[in-house]
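What follows is the residue order along each chain.
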Amino acid sequence: PSLLHLSFRYLECGASNPMIKTSDLNAVHSTVLLGMDVLKSVFCRYSMARGEKLETIATSICTQSSATLRYIALMKILSDAYPNLVIEHIAIVKMMVECLGRLSESESSQLVSSMRRLVVLKAELKDYIVLISRKSLFQRSIESRVSAVSSLVALLPGLKAQRDVYDVSACLKKVLSQEVSV
């Protein structure tokens, strides 16, 4: 297998096994960090691998793999370290955003938080996150609505324009005043 495949395997190490022995946790953690470090380095150095890596991250997030939180953490690392390189693949980033309604409350808020640097660079991404979150606010599933609220709350600290803060706050106020269970 290629270095990318091996690094992704390292990232997923132990994620599907909730019964890991306490003595093995340090080894698993070190392996995951090694995978993330290699993926970060490859992302920076090799432009041809960027799209493939972001697609793998998007697929793992959208399919809600057992390592979803690790992939979100990798997305944050890449977005914080190389926002301009990530934003070149805005279509793949938008594909991740489309999954917000299907993620858990914590996963959706962490995904939006991981994209804060990107939102500053690309205003259309903020608009897209708000659009997808608003759609999720009207889903039947309470989990989807809670996830949408969590996404919008996570987006607030990254907003600079007063109008943007007002729009998101108004949306939150409306849904929270109408839906007690959310």
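Before going into details, it helps to say that this report is about the structure given with it. None of the values given here were measured: they were computed from a predicted structure.

1. Regarding the overall build of the protein
When helices and strands are counted, the protein shows 11 helices and zero strands. In sequence order, the protein lays out its α and β elements as α-α-α-α-α-α-α-α-α-α-α. The C-alpha radius of gyration computed for the protein amounts to 17 Å, which stays within 12% of the reference 16 Å derived for 182 residues, consistent with globular compactness. If one aligns the C-alpha atoms of the protein with their principal axes, the spans along those axes are about 50 × 35 × 20 Å. Long-range pairs, those at least 24 residues apart, make up 67% of the contacts in the protein with a sequence separation of at least 6.

2. Notes on the packing of helix α1 (residues 3-12) against helix α3 (residues 47-62)
Orientation of α1 relative to α3, taken along the N-to-C sense of each, is 30 degrees, at an axis distance of 12 Å. Classified by the angle their axes make, α1 and α3 are roughly parallel. Here the hand of the crossing between α1 and α3 comes out right-handed. Seen from α1, the contacting residues are Leu4, His5 and Phe8; seen from α3, they are Ala49, Glu52, Lys53 and Thr56. Looking at the contact of α1 with α3 residue by residue, the classes come out as three nonpolar, two polar and two charged.

3. Structural notes on the packing of aromatic side chains
Applying the stated criterion across every chain yields a total of two aromatic pairs. The interplanar angle of 25 degrees and the centroid separation of 6.0 Å between the aromatic rings of Phe8 and Tyr71 together place this pair among those described as stacked. In this pair, Phe8 sits in helix α1 while Tyr71 sits in helix α4 (residues 68-81), placing the two residues 63 residues apart along the sequence. Tyr71 carries the same exposure label as Phe8, and that label is buried. Positioned above the aromatic ring of Phe43, the side-chain terminus of Arg50 is 5.8 Å from the ring centre. The ring centre of Tyr128 lies 5.2 Å from the NZ or CZ of Lys94, which sits over that ring.

4. Focus on the pattern of salt bridges
All told, the structure shown has six salt bridges when counted by the stated rule. One salt bridge in this structure joins Asp80 and Lys76, with 2.8 Å as the shortest N-O distance. With Asp80 and Lys76 both in helix α4, this residue pair falls four residues apart, about one helical turn. Owing to a relative accessible area of 31%, Asp80 belongs among the partly exposed residues under this scheme. Lys76 sits in the partly exposed class, given a relative accessible area of 37%. Salt bridges linked by common partners bring Lys126, Asp127 and Asp164 together as one network.

5. A few points about the state of the cysteines
The full count for this structure, using the stated rule, is one disulfide. Each disulfide pairs two cysteine sulfurs, and for Cys62 the partner residue is Cys99, the sulfurs being separated by 1.8 Å. Here Cys62 and Cys99 share a disulfide; its torsion about the S-S bond, 90 degrees, makes the bridge right-handed. Taken together, the residues span a long stretch of sequence, with Cys62 in helix α3 and Cys99 in the loop between α6 (90-97) and α7 (105-114) at a distance of 37 residues.

6. Observations concerning the nonpolar core
Among the nonpolar cores identified, the biggest contains 52 residues, and Leu54, Ile57, Met75, Met96, Met115 and Ile129 are the most heavily contacted of them. Those residues within four positions of Met96 in sequence are excluded, and the remaining contacts are Leu54, Ile57, Ala58, Ile61, Cys62, Met75, Leu111 and Met115.

7. With respect to the side chain of Ser151
In this structure, Ser151 sits in helix α10 (residues 142-155). Beyond its immediate sequence surroundings of up to four residues, Ser151 is in contact with Leu100, Ser108, Val112 and Ser133.

8. Section: the side chain of Arg145
Inspection of the secondary structure puts Arg145 in helix α10. A distance of 3.3 Å separates a polar atom in the side chain of Arg145 from the backbone oxygen of Gln139.

Conventions adopted
- Residues numbered from 1 in each chain as written.
- Predicted model: local features only at pLDDT ≥ 70, side-chain atom pairs only at ≥ 80, totals over all residues.
- Heavy atoms only, no water.
- Helix = DSSP H or I, 4+ residues; strand = E, 2+ residues; numbered from the N terminus.
- Rg over C-alpha atoms; globule rule 2.2 N^0.38 Å.
- Contact = heavy atoms within 4.5 Å.
- Axes fitted to C-alpha atoms, helices over the stretch in contact; angles between N-to-C directions.
- Parallel < 35°, antiparallel > 145°, perpendicular 65-115°, else oblique.
- Left-handed = near helix turned anticlockwise from the far one by under 90°.
- Nonpolar A, V, L, I, M, F, W, Y, C, P; charged D, E, K, R; others polar.
- Phe/Tyr/Trp six-rings, centres within 6.5 Å; stacked < 30°, edge-to-face > 60°.
- Buried < 20%, exposed > 50% of the residue type's maximum accessible area, 1.4 Å probe, protein only.
- Lys NZ or Arg CZ within 6 Å of the ring centre and 35° of its normal.
- Salt bridge = Lys/Arg side-chain N within 4 Å of Asp/Glu carboxyl O.
- Disulfide = S-S within 2.5 Å.
- Core = buried A, V, L, I, M, F, W, Y, C linked by side-chain atoms within 4.5 Å.
- Polar contact = N/O pair within 3.5 Å; in protein donor to acceptor, adjacent residues only side chain to side chain.

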